Amino acid sequence: MRAPFQLLAILYRFVNQVPVYCVFHRTDSGEWQFIAGGGEDNETPLQEARREISEEGGVLPNRMMELKSMCYIPTNIFPKMHLYNWPEDTYVVPEYAFGFECTEEIKLSHEHTECMWLSYQDVYEKLRRVLQQPGRERERHHPLAHRGHPPREARRRRGAAA
């Protein structure tokens, strides 16, 4: 049973003390994205983040960092089969964001054809093309959809993860 929240997991690592971020190329839609998914049954957002990273990235996340950035997603973007147990007056669901410093090699699931480790600016440019497509309003508020510098959480150095 699908829980009424969405999850965004941003994998990062440091190369020469500079953070790079992993984006994944979806098999079904051909779009680039961070790891994303929805909670199952009674999972907490943190449990969901760990499960999705393990399933889609093939790595076991240990120290996760909950990002302060959060948005709400309209329920009309979800397939109706996921909404059957939600109250009828549920029009938006929260999207929680987490960061994970990934030092392991990614092992892609069937959901993705490839992944890339990119600088903040390169991720911004790659995802901006997706965000500018008509009908993509929900993603326009994710943690890297703004102009300027990366969010403060993403600029923290090693050891800052919880």
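This text goes with the structure placed above it.
Since the structure is predicted, the reported quantities are computational estimates derived from the model, not experimental observations.

Trainee: With reference to specific residues and values, describe the overall build of the protein.
Mentor: Secondary structure summary: the protein contains 3 helices and 7 strands in total. Its helices and strands in sequence order give the protein the pattern β-β-β-β-α-β-β-β-α-α, from N to C terminus. Of all 162 residues assigned to the protein, the portion counted as buried reaches 49%. By sequence separation, contacts in the protein at least 24 residues apart represent 70% of the contacts at least 6 residues apart.

Trainee: I'd like a rundown of the nonpolar core, residues and numbers included.
Mentor: Counting 16 residues, the largest nonpolar core has Leu8, Ile10, Tyr21, Val23, Phe34 and Val123 as the members making the most contacts within it. In terms of residues, this core owes the most to one element, strand β1 (residues 2-15), which gives 4 residues. By size, the runner-up hydrophobic cluster in this structure holds 14 residues, among which are Ala9, Cys22, Ala49 and Ile53.

Trainee: Outline the pattern of salt bridges, supporting the account with residue identities and numerical values.
Mentor: By the definition in use, this model includes 8 salt bridges. The partner of Arg26 in a salt bridge is Glu111, and the shortest N-O contact between them spans 3.8 Å. Placement of the pair is Arg26 in strand β2 (residues 18-26) and Glu111 in the loop between β6 (92-101) and β7 (112-118), with a sequence separation of 85 residues. On the basis of relative accessibility, which here comes to 16%, the residue Arg26 falls in the buried class. A salt bridge links Glu55 to Arg51, with the nearest nitrogen and oxygen atoms 3.1 Å apart. Of the two residues, Glu55 and Arg51 both sit in helix α1 (residues 45-57), 4 residues apart, roughly one turn of that helix. For Arg51, a relative accessible area of 16% translates into the label buried. Where salt bridges share partners, they join Glu40, Glu43, Glu48, Arg51, Glu52 and Glu55 into one cluster.

Trainee: How would you summarise the state of the cysteines if you had to cite specific residues and measurements?
Mentor: A complete count under the given rule lists 0 disulfides for this structure. Cys115 supplies the cysteine sulfur nearest to Cys22, a cysteine that is in no disulfide, at a spacing of 3.9 Å.

Trainee: I'd love a proper account of unusual backbone geometry, names of residues and values included.
Mentor: Phi at Gln17 is positive, roughly 65 degrees, even though this residue is not glycine. In this model, Asp41 sits at a positive phi of 50 degrees, which is unusual for a non-glycine residue. Of note, Asp41 is situated in the loop between β4 (35-40) and α1. By relative accessible area, Asp41 is classed as partly exposed at 46%.

Trainee: For the pairing of β1, give the residues involved together with the corresponding values.
Mentor: Judged by how many residues are buried, β1 sits mostly within the fold: 12 of 14 residues are covered. Sheet topology note: the β1/β4 ladder contains 5 bridges and is antiparallel. If you follow Gln6 over to β4, its bridge partner there is Gly38. Sheet analysis places β1 next to β6, joined by 7 bridges and oriented parallel. Bridged to Ile10 within β6 is Gly99. By the bridge criterion, 4 bridges tie β1 to β2 in an arrangement that is antiparallel. Opposite Phe14, over in β2, you have Pro19 as the bridge partner. Where β1 hands over to β2, the hairpin turn is made up of 2 residues, of which Asn16 adopts a positive phi near 55 degrees.

Rules used in this analysis
Per chain, residue numbering runs from 1 following the sequence as it is written. In keeping with the predicted nature of the model, local features appear solely for residues at pLDDT of at least 70, side-chain atom pairs appear and are counted solely at 80 or more, and the whole-chain, interface and lining totals rest on all residues. By convention in this description, side-chain values take in all heavy atoms of the structure and omit both hydrogens and water. Each helix is a run of H or I in the DSSP string that is no shorter than four residues. Each strand is a run of E no shorter than two, and both are numbered from the N terminus. Only protein chains enter the accessibility calculation, which uses a 1.4 Å probe; a residue whose area is less than 20% of its type maximum is buried, one above 50% is exposed, and one in between is partly exposed. We call two residues in contact when some of their heavy atoms are within 4.5 Å. What makes a nonpolar core is a set of buried Ala, Val, Leu, Ile, Met, Phe, Trp, Tyr and Cys residues whose side-chain atoms join them at distances within 4.5 Å. One side-chain nitrogen of Lys or Arg within 4 Å of one carboxyl oxygen of Asp or Glu is enough to make a salt bridge. Any cysteine sulfur atom paired with another within 2.5 Å is treated as part of a disulfide. When DSSP finds at least two bridges between two strands, those strands are taken to pair.

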